[in-house]
Structure formats: C-alpha cells, structure tokens
Amino acid sequence: MANLVRANVDNEMVKAVTAVMLKGHWDNLLKPKIGSCVTSTTISQALLDISQYYFSLSWSFFKWAESVPSYKHSLQSSWTMIYILTKQKHFKTAQEMLQKVAVKDFLSSPTVLNALVSSNLNNDVNSHLLSWLVIYYANSKLPHDAIQVFEHMRVCKLMPHTHACTSLLNSLVKDGLTDTLWKIYKKLQKMGVVPNIYIYNVLMHACCKSGDVERAEDLLREMEFKATFPDLYTYNTLISLYCKKGMHYEALCVQDRMERAGVCPDIVTYNSLIYSYCREGRMREAMRLFKEIKDATANLVTYTTLIDGYCRANSVTEALKLRDAMEAKGLYPGVVTYNSILRKLCEQGQMKDANILLNEMNEKKVVPDNVTCNTLINGYCKIGDMKSALKVKNKMLEGGLKPDRFTYNAMIHGFCKVKDTDGAIVVLFDMVRIGLSPSYCSYSWLVDAYCNLNNEVAVVSLPDEFTRRGYLVDVSFYRAIIRRLCKRGKIDGAEKVFHIMQAKGVLGDSLIYATLAYAYFKVGKVDAASYLLDDMYRRRLMITLKMYKSFNASYSDKNTLLDMFWSNVVQRGLISRTVYDDIQQLKILS
C-alpha cells in the first residue's frame with residue numbers, strides 16, 4: 001500500500017515538473033519547496049515524457065539545468081538524455097556526451113549497466129549506447145572494461161555493432177591478449193555477428209603477432225568460404241607472417257595469389273619479401289626484387305632493410321654504397337639505418353670507423369638512441385676499452401637516455417674481461433640500485449673473473465656484500481652463482497654458497513638441487529648427490545622438460561655419466577610421466 005502511495009506521489013511530481021517545463025517557468029524548480037521534492041528519477045521521467053513530442057524542449061531544459069550552479073545531473077538523468085539523443089538520431093552529440101559520462105562514472109560495472117539498460121527498454125537504442133561504450137573503452141586502452149560491457153550485451157541479447165567488435169578485438173591484439181581474443185570471436189559468432197573484412201584483418205593481425213601460421217591459413221579459407229574477399233592489408237599481413245617464420249616460398253605464393261586476384265602489391269609487400277631474403281643472407285635475390293619493384297616507391301624501410309642485410313652478410317662496403325644511393329634519391333638515413341652499420345663496425349672492432357660514422361650522424365642532426373649507445377658501449381667493452389665505454393655511458397645519461405639491462409651487462413662483461421672485478425661490482429650494484437635484475441650471464445662473468453684470479457672467497461662473500469648494502473638476495477642469485485661454480489668444477493665453493501642460502505632461509509629450487517647433485521655425481525660424491533636428490537623428492541621438486549634440455553645443452557659430457565644421473569632422477573620419481581615420455585621422444589629424434 002505504501003509503495004502504491006509513493007508511486008502516485010512520484011507520478012504527480014513528474015506531471016508537475018513536466019508542466020513547468022512546458023510552460024517555461026523553469027526557475028520555479030529552483031524554489032526550495034518544489035526543488036526539494038524533485039529527484040533524479042523525476043527529472044529523467046519528465047525528460048522522457050517531453051521528448052516524445054518536444055525533443056528540442058527536453059534538450060534545452062537539460063542544458064539549462066546543467067548550468068544551474070547548485071544542481072548537478074545524476075548518472076540516471078544524464079543516461080536518459082543520452083538515450084533520448086540516440087533515439088532521435090543525434091548520434092554525434094550522444095556519443096560525445098556518453099564519453100564525458102564514461103570518464104567520471106564507472107559505467108562498465110555490471111550492476112550499473114544493468115540499472116541503466118533496464119531503465120529504457122528500446123533494444124536498438126541500447127545496442128547503440130553499449131556499442132559506443134565498447135569502442136570508447138577499447139580506444140582508451142581499457143580492454144577489460146570493454147569486455148565487461150560486451151559480456152553485458154551478450155547476456156542481454158543486444159547485438160554489438162561491427163565497429164565495436166573490430167575495436168574490441170583490436171584492443172585485445174594490442175595488449176597481447178590473444179587467447180581472450182579468440183574466445184571473444186567465438187562468442188561473437190554465436191551471437192550472430194557476421195565478420196566483415198575489418199574484423200578478419202584484425203584476426204589476421206593477431207595470427208601474425210602470435211606467429212600462428214595454421215590459424216591464419218584457416219582464416220583465409222573461412223574468408224573465401226564466406227565470400228569475404230581479402231584486401232591488400234590481409235595479403236600483406238599474411239606475407240609478413242610467412243616472412244617472419246622463414247617461409248619464403250609460401251610468401252611468394254601469396255604475392256602471386258594477390259596479383260591474380262587483382263590486388264597490386266605496395267611497398268609494404270615488397271619490404272616484407274626483401275626482409276625475408278635479407279634475413280636468410282640472400283642479398284642477391286633481395287637486390288633483384290628491389291630492382292623489380294613496380295607501381296611502388298622504395299622508402300626508408302626498404303633501404304634500411306637492405307643495408308642491415310648487407311651488414312649481417314659482412315658487406316659493410318655494399319651497405320655504405322646503398323646508404324649513398326638512398327641519399328641521392330632524397331631519402332636520408334635515420335638512427336635505425338645508422339645503427340645497423342654501427343653494429344657491424346663494432347662487431348668487427350672497427351671503433352675508429354664507428355666514431356667517424358657517429359660524427360656524421362651528429363653533422364646530419366641524427367640523434368643517437370639507446371641502441372646506438374649500447375652498440376658503442378658493447379664495441380668498446382669487447383676490445384677492453386672500458387674508459388671509452390664509460391664515456392659513452394656518461395654521454396648517454398647527459399642526453400637524457402636511460403641505460404638498460406643490455407648496457408649494464410655489456411659493461412659487467414667488459415670489466416670482467418679486463419679482470420677489473422672492482423669495476424664489475426660497481427656496475428652490478430649500480431644496476432641493482434636502479435631496479436634492474438642481473439641475469440645468469442651477469443653473475444657468470446663475475447664468477448669467472450674471480451675464479452680466474454683465484455679469488456673464490458670473493459664469490460662466496462657476494463651474498464653478504466649484497467645484504468650489507470641493503471639489497472634482498474633472492475633464489476635467482478644463488479641459482480646463478482651455484483650453477484656457474486659447478487660448471488667450472490668449483491664444487492666446494494658451490495657447496496658453501498648453498499649452505500649460506502639455506503642459513504638465510506632461502507629455499508633452493510629444482511635447478512639448484514639438480515645442478516649441485518650432478519656436480520657431486522661427477523666428482524664421485526655419490527652419497528652427497530643421493531642426499532640432495534632425496535631432499536628434492538621430500539620437497540616435491542620436479543625436473544621439467546626445460547631443465548632436462550638445459551642440462552643436456554650445458555654439459556658436453558653427454559656420456560654414460562649423464563645417463564646414470566638421469567637414471568637416478570627417474571628412479572626417485574623426480575620426473576613426471578608426461579615429461580619422461582617427452583624425453584624419450586627427444587632421444588628418438590636425436
């Protein structure tokens with residue numbers, strides 16, 4: 001009974017507000033006695049009632065209310081106005097308003113969506129609104145919000161627009177959410193969405209990004225079956241995929257197929273095919289194709305690809321000739337082009353020539369990037385010129401560039417090469433200080449340097465040095481140190497580090513246990529090896545296929561000793577049946 005009375009009161013208020021709106025006496029709604037009774041629901045319903053006959057009046061009233069200092073539209077009244085604008089086909093205004101609302105309100109929440117959609121039951125209008133919302137979230141790099149809106153549409157049986165589907169799938173590709181993309185695509189098909197060329201192209205791009213050749217070929221067959229003809233983007237994406245996978249013959253077949261279909265190759269097509277030849281070191285074929293380019297103009301990417309190909313094929317002279325040829329045609333090399341030549345010069349230890357090229361870059365106002373600096377640093381480190389390497393690093397910092405993991409690893413390797421362990425330690429801790437984690441190689445070079453100086457004590461004291469400086473030493477550190485010491489046959493040192501690790505409460509992983517156990521096995525300490533393998537079983541630490549491959553790749557003594565070790569591992573049940581079967585298959589193949 002109370003609800004009925006309340007409904008009647010609300011209806012009367014809606015009628016009153018509607019009458020005020022029609023008469024134009026809008027200021028009356030600002031009076032305390034009337035205004036205190038007007039709710040968001042009242043405004044929304046009044047807007048809907050007026051819009052049926054006087055759309056422009058409802059819009060004018062909404063804008064007027066928006067300008068009142070003491071009043072603020074609720075989400076409900078704003079959504080109602082967006083709904084009205086959409087129903088009246090004022091799509092641009094509705095979209096702009098929806099985006100403004102989406103910025104400040106959490107519209108992707110299922111509860112909010114349910115309340116908004118159920119307040120207006122026109123499915124066509126709701127499809128428009130939620131499709132726009134999917135597009136907004138997808139373009140705003142908020143794929144999970146876009147998915148939530150899409151799922152609500154699916155549950156409510158609202159058909160999304162193909163543009164919304166394309167935007168959603170595209171955002172998933174950009175974020176690398178390939179598995180989610182294919183799940184969404186299956187749902188779209190079940191909902192009755194008919195994919196167009198744009199949707200297929202996004203799916204093809206996903207295949208290219210994940211390197212899924214089989215799925216890309218299935219997609220092409222599906223397109224043909226549904227009479228959706230591939231366009232230039234489709235063919236280019238497929239050619240790029242084949243080229244990246246080294247399937248050059250298949251890429252050429254696609255080129256032939258597209259030409260027969262009346263689709264002319266563009267420079268992107270040629271660039272992919274040239275890249276494929278260059279990658280395989282087939283520079284003669286790459287240049288032949290370059291000279292055969294028709295109906296397209298070679299661009300910076302074309303020349304850079306060829307220059308890089310010549311550098312990889314140890315033909316720096318040809319690369320420099322091509323660089324001059326591109327400049328003659330008005331195409332000026334950028335930093336990527338110069339980096340290709342610099343890399344080869346540094347690899348060959350031609351640091352004088354590298355510096356001449358660097359000066360040329362400076363004269364032509366080509367700004368070096370991280371790759372340029374890292375290439376030079378690595379080049380100097382290889383020849384043991386650490387003074388010059390440090391100069392480049394300092395210039396890198398002055399230029400606003402941030403050293404990365406490659407920078408620090410190159411310098412650690414360089415210092416270790418010249419047996420300057422103090423310099424290597426400084427770089428290592430500088431690396432840790434800025435939040436970069438050293439790799440297995442970083443620690444290996446340091447261990448090798450100390451061992452070459454017969455300073456095994458320094459290696460064992462590294463955990464304490466880390467702790468003294470306030471850095472947390474995790475299992476990856478101990479794994480790297482123990483593995484390298486075992487590889488060099490320094491079992492006593494590895495054992496000491498293992499005990500330090502346990503004393504500090506760090507639990508070793510499968511690789512640490514297996515590495516140390518095998519090292520014991522090699523030197524005849526069978527009891528110590530057995531103890532570690534038994535401890536592995538107690539802790540349920542299993543050998544993975546990746547570990548098995550790593551062991552066989554790391555140790556050159558692939559003889560009965562290694563086979564005996566694996567036999568001990570299998571007997572203790574440290575390899576699952578699936579992994580064991582995979583290992584047997586590997587043995588058959590080898």
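Residues numbered from 1 in each chain as written. Predicted model: local features only at pLDDT ≥ 70, side-chain atom pairs only at ≥ 80, totals over all residues. Heavy atoms only, no water.

Trainee: I'd like to hear about the overall build of the protein chain, residue by residue, with values.
Mentor: Each helix and strand counted, the protein chain has 35 helices and zero strands in total. Along the three orthogonal principal directions, the C-alpha set of the protein chain runs to about 100 × 65 × 55 Å. Expressed as a percentage of the 590 residues in the protein chain, the buried residues total 47%. The long-range fraction of contacts in the protein chain, counting pairs at least 24 apart against all pairs at least 6 apart in sequence, stands at 64%. Looking at the protein chain as shown, the accessible area adds up to about 30,700 Å², and 54% of this sits on carbon and sulfur atoms. (Helix = DSSP H or I, 4+ residues; strand = E, 2+ residues; numbered from the N terminus. Buried < 20%, exposed > 50% of the residue type's maximum accessible area, 1.4 Å probe, protein only. Contact = heavy atoms within 4.5 Å. Areas by Shrake-Rupley, 256 points an atom, 1.4 Å probe, with all protein chains shown as cover.)

Trainee: Give me the lowdown on the side chain of Thr80, citing residues and values where you can.
Mentor: Relative to the assigned elements, Thr80 resides in helix α5 (residues 75-87). On the basis of relative accessible area, Thr80 is assigned to the buried category, the value being 3%. In this view, Thr80 contacts Ser44, Leu47 and Leu48; residues no more than four positions away in its chain are not counted.

Trainee: Talk me through the packing of aromatic side chains; I want residue IDs and the actual numbers.
Mentor: Scanning the model with the defined rule gives 14 aromatic pairs in all. With 4.7 Å between their ring centres and 50° between their planes, Phe429 and Phe466 make a pair best called tilted. A residue pair is termed long-range when its members are at least 10 positions apart, and Phe429 in helix α25 (residues 421-433) and Phe466 in helix α28 (residues 462-468) qualify at 37 residues. For the pair Phe521 and Phe565, a centre-to-centre distance of 6.1 Å together with 70° between the ring planes defines the contact as edge-to-face. Of the two residues, Phe521 is situated in helix α31 (residues 510-522) and Phe565 in helix α34 (residues 560-571); the sequence distance between them amounts to 44 residues. (Phe/Tyr/Trp six-rings, centres within 6.5 Å; stacked < 30°, edge-to-face > 60°.)

Trainee: Residues and numbers for the pattern of salt bridges, please.
Mentor: Evaluation of the coordinates by the stated rule reveals 28 salt bridges. For Glu285, the salt bridge is made with Arg282, and the minimal N-O distance between the two is 3.3 Å. Looking at Glu285, the relative accessible area reads 25%, which means it is partly exposed. Residue class for Arg282 comes out partly exposed when judged on its relative accessible area of 31%. We note a salt bridge from Arg343 to Asp308, for which the minimum N-O separation is 2.7 Å. Of this pair, Arg343 sits in helix α20 (residues 335-347) while Asp308 sits in helix α18 (residues 300-312), and the two are 35 residues apart along the sequence. Overall, the relative accessible area of 25% leaves Arg343 in the partly exposed class. Connected through salt bridges with shared partners, the residues Asp308, Arg312, Arg343, Lys344 and Glu347 form a single ionic network. (Salt bridge = Lys/Arg side-chain N within 4 Å of Asp/Glu carboxyl O.)

Trainee: Go over helix α6 (residues 91-104), please, and point to the residues and values.
Mentor: Structurally, the α-helix is built with 3.6 residues per turn, so residues lying three or four positions apart point the same way. With 14 residues, α6 should reach 20 Å at 1.5 Å per residue; the first-to-last C-alpha distance of 20 Å fits that figure. Structurally, α6 contributes buried residues whose contacts are with α4 (55-67), α5 and α8 (123-139). (Expected span 1.5 Å × (residues − 1).)

Trainee: Could you give an account of the packing of α6 against α8, naming the residues involved and the relevant values?
Mentor: Close contact between α6 and α8 brings their axes to 10 Å; oriented N to C, the two are set at 55°. Here α8 runs oblique to α6, going by the angle between their axes. Our pair here, α6 against α8, has a crossing hand that is right-handed. Contacts from Phe91, Ala94, Gln95, Leu98, Gln99, Ala102 and Val103 of α6 reach α8 at His128, Leu129, Trp132, Leu133, Tyr136 and Tyr137. Per-class residue counts for the contact of α6 with α8 are ten nonpolar, three polar and no charged. (Axes fitted to C-alpha atoms, helices over the stretch in contact; angles between N-to-C directions. Parallel < 35°, antiparallel > 145°, perpendicular 65-115°, else oblique. Left-handed = near helix turned anticlockwise from the far one by under 90°. Nonpolar A, V, L, I, M, F, W, Y, C, P; charged D, E, K, R; others polar.)

Trainee: Any details on the environment of Val268? Residues and values, ideally.
Mentor: Along the chain, the position of Val268 falls in helix α16 (residues 267-279). Sequence separation between Val268 and Gly334 is 66 residues, and the spatial gap between their C-alpha atoms is 18 Å.

Trainee: Tell me what's going on with the packing of helix α21 (residues 351-363) against helix α22 (residues 370-382), and back it up with residues and numbers.
Mentor: Running from N to C, α21 and α22 point in directions that differ by 160°, and their axes come no closer than 11 Å. Our classification of the angle between α21 and α22 gives roughly antiparallel. Between α21 and α22 lies a crossing of left-handed hand. Packed against α21, whose contacting residues are Met351, Ala354, Asn355, Leu358 and Met361, the element α22 presents Thr372, Leu376, Gly379 and Tyr380 at the interface.

Trainee: I'd like to hear about the side chain of Thr237, residue by residue, with values.
Mentor: Relative to the assigned elements, Thr237 resides in helix α14 (residues 232-244). Within the local environment of Thr237, its side chain forms a polar contact with the backbone oxygen of Tyr233, the two atoms lying 2.7 Å apart. For Thr237, the contacting residues outside a window of four places in its chain are Met204, His205 and Cys208. (Polar contact = N/O pair within 3.5 Å; in protein donor to acceptor, adjacent residues only side chain to side chain.)

Trainee: I'd like to hear about the state of the cysteines, residue by residue, with values.
Mentor: All chains considered together, the criterion is met by zero disulfides. The closest cysteine sulfur to the non-disulfide-bonded Cys311 is located on Cys278, 10 Å from its own sulfur. Overall, the relative accessible area of 0% leaves Cys311 in the buried class. (Disulfide = S-S within 2.5 Å.)

Trainee: Break down unusual backbone geometry for me, with residues and values.
Mentor: Here the phi dihedral of Lys141 falls at roughly 60°; this positive angle occurs in a residue that is not glycine. Along the chain, Lys141 turns up in the loop between α8 and α9 (143-155). Its identity is not glycine, yet Asp295 carries a phi of approximately 55°, on the positive side. For Asp295, the position within the fold is in the loop between α17 (283-291) and α18. On the basis of relative accessible area, Asp295 is assigned to the exposed category, the value being 69%.

Trainee: Can you tell me about the environment of Ala115, naming the residues and giving the values?
Mentor: Counting through the fold element by element, Ala115 comes out in helix α7 (residues 110-119). Ala115 sits 434 residues away from Lys549 along the chain, and the two C-alpha atoms are 56 Å apart.

Trainee: Could you give an account of α8, with specific residues and numbers?
Mentor: Taking 1.5 Å as the rise per residue, α8 with 17 residues should run 24 Å; its terminal C-alpha atoms sit 24 Å apart, in good agreement. When you tally the buried positions in α8, you get 13 out of 17 residues, the bulk of the element. At the N-terminal boundary of α8, the capping side chain belongs to Asn122, with an oxygen 3.1 Å from the backbone nitrogen of Asp124.

Trainee: Which residues make up the confidence of the model for the protein chain, and what values go with them?
Mentor: For the protein chain, the average pLDDT comes to 87, and 91% of its residues sit at 70 or higher. In this model, residues 1-9 is a region of pLDDT below 50 whose contacts with residues beyond four sequence positions or in other chains number zero contacts. (pLDDT = per-residue confidence, 0-100.)

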